[in-house]
Amino acid sequence: MFKRFLQLELKSFFRSASLGQSLGLKIFMGFLAIYFLVSFLILGIASYPLLKQYFPEQKPVLLVNNFVVIWLVSELFMRFMIQSLPIMNIKPLMVNNIKRQEMIHFVLLKSLFSFYNLLTPIVVIPFGIWCWREENFTPLQVIAWIVAMLALVISVNYANFLLKKKFAENLKGLIPYLAVGLVFAGLEYFEVFKISEFIGGLIHWVFEFPLLALLPILLAFGLYRWNFNYLKNNFYLDSGLKGKTTQVESSDLAWTKRFGSIAPFLQLDLKLIWRNKRPKTTVWMSLVFLVYGLIFYPNPTYSVEMPAFLVFVGIFITGIFVINFGQFIPAWDSGYYSMMMSQNIPMRQYLDSKAGLMYFSIIVLALLSTPYVYFGVNILLLNLACAVYNAGVNVPLILYAGSFNKKRIDLEKSPMMNYQGTGTAQWILGFPLLLIPIILWYVAYKLVDQNFATLSLGLIGLIGLLLRNLFMDKIVKAYKAKKHIQINGFKQVG
Amino acid sequence: MIQVNNLTKTYNGTTVLNIENLEIKKGESFGLVGNNGAGKTTFFSLLLDLIQPTTGNITNNGIQVHLSEDWKPFTTAFIDESFLIGYLTPEEYFYFIGDLRGQNKADVDALLDKHKEFFNDEILNNKKYLRDLSKGNQKKVGIIAALIGNPEVIILDEPFANLDPTTQIRLKRIIKELADNPDVTILVSSHDLMHTVEVSNRIVALNKGEVVKDIQTSEETLKELEAFFAV
């Protein structure tokens, strides 16, 4: 039976729409995977000699053991964001002549072959080999240590599914756990109680008594059993396999009425963003990227030697929503695009509403970025110029590029590592959006000076805003010309 | 009202629709029947300019649908769930469509009130998003939304499918009422011969993309159609 499941699995992998979408994307994802594997492998191989060099008075393995708890917590966090148990896939098999237990075992075991489970072993195993060669550990000790580590990773794998089941629909329930985590982090930081060293000490016992490696294995088995029992008791359409049904929080958004004819679309867009996972996450990410500046502004490498790079930061901070949201216009509406196109919709108003939303985001992000004045008035001026440039040039540009979108987007999927809806347009688009302003600024900077460069960037944006009507007319034409291709493309599910 | 001229649609060399000439008069209640793949949805999609014809054209009230959009103000349609916006509640969806069709909230409320019986208390004030409704209830929303704004041409693709018997009977009543209005042209497609015969005064049967029957509904129509499809 497992063999047959595996065949199904292979088919679903090779026939999945996301894989078949485009060769370029496949290659890109492949490279990304290889990149991560290689980086982690290098980490695994290089960490021993590096630790030895920088902390000669301590044993590398002790340092690593102390780090384990941080590693596991961050891995759990990453998995919580990205990895999920594909339990829905077994729905068609439920009424067939297959034992429930077998299906559940299969789903759970399958998760072991996830890419994320590879990352820790390729760090741990090379490191273990170093330890065995450089220090006087017996092979048994090292193997016990590696086994313990791998068992911990598997425990994290299964702990994540339990957490997801429990908290995915109610993130507020996580708060007490987060609080406990913060307390430990605080104790660690103020050196009251070092949880990392405590756990590190526990792990080190594995070297003393290799049989202790059985404990993490038992933990992994226990979590597996827990998952198994949970799924077994909830293997019904109305409990574990049920799709989410959310309660409506309604508000009539009456304030949008003052925007006149674009109000209905604006309301729709706001609901689109607020009620669907993918666009909602886009908004949160925009806010997270606001702190991006903190990485660059204090660093003289950028602020003094490569000031053109700060244009990139400015465009990015004030325009991240434009980029993230704009690149998928009109694919956000792909689920009901044919309805929109058979309705009495003036395309101009539809697009004006999208543009309005992006202008609004630019204003908000520009205002939120004003505290960066701390790093100098030119930073503030540059960010404002970038905001104007984003509104004047990048918004029409991204709207125009949207007319080439023809890939459907599933609003309820998380955007993390999700390349659904990504086509050639998105890949090409990044360059003009970010590079052109940098080049413009750099040329003006070389010709005159920094203030002039910032001023001209803002002026170009202003000209773009003045020519707005002209641009919008062209964009509307482009959308009308591409209408049938888009309707057809948005119908391709998957 | 609707005039079809030499209309064909070809995908990779396979002709899925080929209608030389078809005229649907104003006020007609037009039923389209046919097996799966006969071209019913293709025809409606062409009529709504959702796909482009390979040759020929359709005019709706004198407007060539793939050249101008001026047919949109007086035409409404419900083809499938892709016409619904999953993350809206039914009320929000109705008001949104109302906005697009120049109806204020009171107009929409009046229409909803009129069709309260059709909803059977399962649609309004339920605090659910459209994506969480059952297929049948989604269909009810789509059908009523297609009546918003006093349209002159109403296109319903398979409106009876997925509906419970009571709702089917209520829907027939609604369609008949619309058909009695001489200003409203209503186009309905169905697999169900009996329903179509009941609500339409003219029935066209499609087979492999071609018009094979075109009859004014009478006592014998159902028998004639059954005889045709019983192969």
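Every value quoted in this text rests on a predicted model; they were computed, and no experiment measured them.

Here is what the cut-offs are and how they apply
Going along each chain's sequence as written, the residues are numbered from 1 onward. A letter from A marks each chain and a number from 1 marks each ligand, given out in the order of writing. Given that the model is predicted, a residue must reach a pLDDT of at least 70 before its local features are reported, and side-chain atom pairs must reach 80 or more before they are shown or counted; all residues, however, enter totals for whole chains, interfaces and linings. Where side-chain values are given, they derive from all heavy atoms of the structure, hydrogens and water being excluded. A pair of Phe, Tyr and Trp rings is counted when the ring centres sit within 6.5 Å of each other, with Trp represented by its six-membered ring. The angle between the planes then sorts it: under 30 degrees is stacked, over 60 is edge-to-face, the rest tilted. A run of DSSP states H or I qualifies as a helix once it reaches four residues; a run of E qualifies as a strand once it reaches two. Both are numbered from the N-terminal end. For each residue, the accessible area found with a 1.4 Å probe, counting protein chains only, is set against the maximum for its type, and the residue is called buried under 20%, exposed over 50%, and partly exposed in between. What fixes the domain bounds is an automatic or database domain assignment. Residues belong to one nonpolar core when they are buried, are Ala, Val, Leu, Ile, Met, Phe, Trp, Tyr or Cys, and are joined through side-chain atoms within 4.5 Å. Any pair of residues with heavy atoms lying within 4.5 Å of one another is described as a contacting pair. Buried area is a sum: the accessible area each of two parts loses on coming together, probed at 1.4 Å, counted once for each and added. Salt bridges are identified by distance alone: a Lys or Arg side-chain nitrogen within 4 Å of an Asp or Glu carboxyl oxygen. Identification of polar contacts relies on pairs of N or O atoms within 3.5 Å, with a donor-acceptor requirement for protein atoms, meaning one able to donate a hydrogen and the other able to accept it, and with residues adjacent in sequence counted only if both atoms are side-chain atoms. Classes in brief: Ala, Val, Leu, Ile, Met, Phe, Trp, Tyr, Cys and Pro nonpolar; Asp, Glu, Lys and Arg charged; the others, Gly included, polar.

(A) Seen up close, the packing of aromatic side chains. Residues and elements named next belong to chain A. One pass over the full model with this rule turns up 39 aromatic pairs over all chains. A ring pair is formed by Tyr297 and Tyr372, whose centres lie 4.8 Å apart and whose planes are at 70 degrees; its orientation type is edge-to-face. Placement of the pair is Tyr297 in the loop between α13 (292–296) and α14 (300–305) and Tyr372 in the loop between α17 (347–368) and α18 (377–402), with a sequence separation of 75 residues. With a relative accessible area of 4%, Tyr297 lands in the buried category.

(B) Main features of the domain arrangement of chain A. For chain A, the domain assignment lists domain 1 (31–233) and domain 2 (254–490). The C-alpha-based centres of domain 1 of chain A and domain 2 of chain A are spaced at 39 Å.

(C) Representation of the nonpolar core. Ranked by size, the top nonpolar core spans 138 residues in total, and within it Leu399 of chain A together with Phe43, Tyr93 and Leu187 of chain B carry the most contacts. Per-element accounting of this core gives the leading share, 13 residues, to helix α15 (residues 307–326) of chain A. Those residues in contact with Phe43 of chain B that sit more than four places away from it in its chain are Val4, Leu7, Leu17, Ile19, Leu22, Leu32, Ile58 and Leu187 of chain B. Listed in part, the 19 residues of the second largest apolar core include Leu85, Met94, Ile104 and Val107 of chain A.

(D) View of the interface of chain B and chain A. Between chain B and chain A, the contact holds 29 residues from the first and 32 residues from the second. Buried surface at the junction of chain B and chain A, summed over both partners, amounts to about 2,900 Å²; 53% is from carbon and sulfur atoms. Between Asp49 of chain B and Lys483 of chain A there is a salt bridge; the shortest N-O distance is 2.8 Å. The tally of links from chain B across to chain A stands at 13 residue pairs in polar contact (both at pLDDT 80 or more). Per element, the largest residue contribution to the side of chain B that touches chain A is 6 residues, and it comes from helix α2 (residues 90–100) of chain B. Classifying every residue of the side of chain B that touches chain A gives 15 nonpolar, 4 polar and 10 charged.

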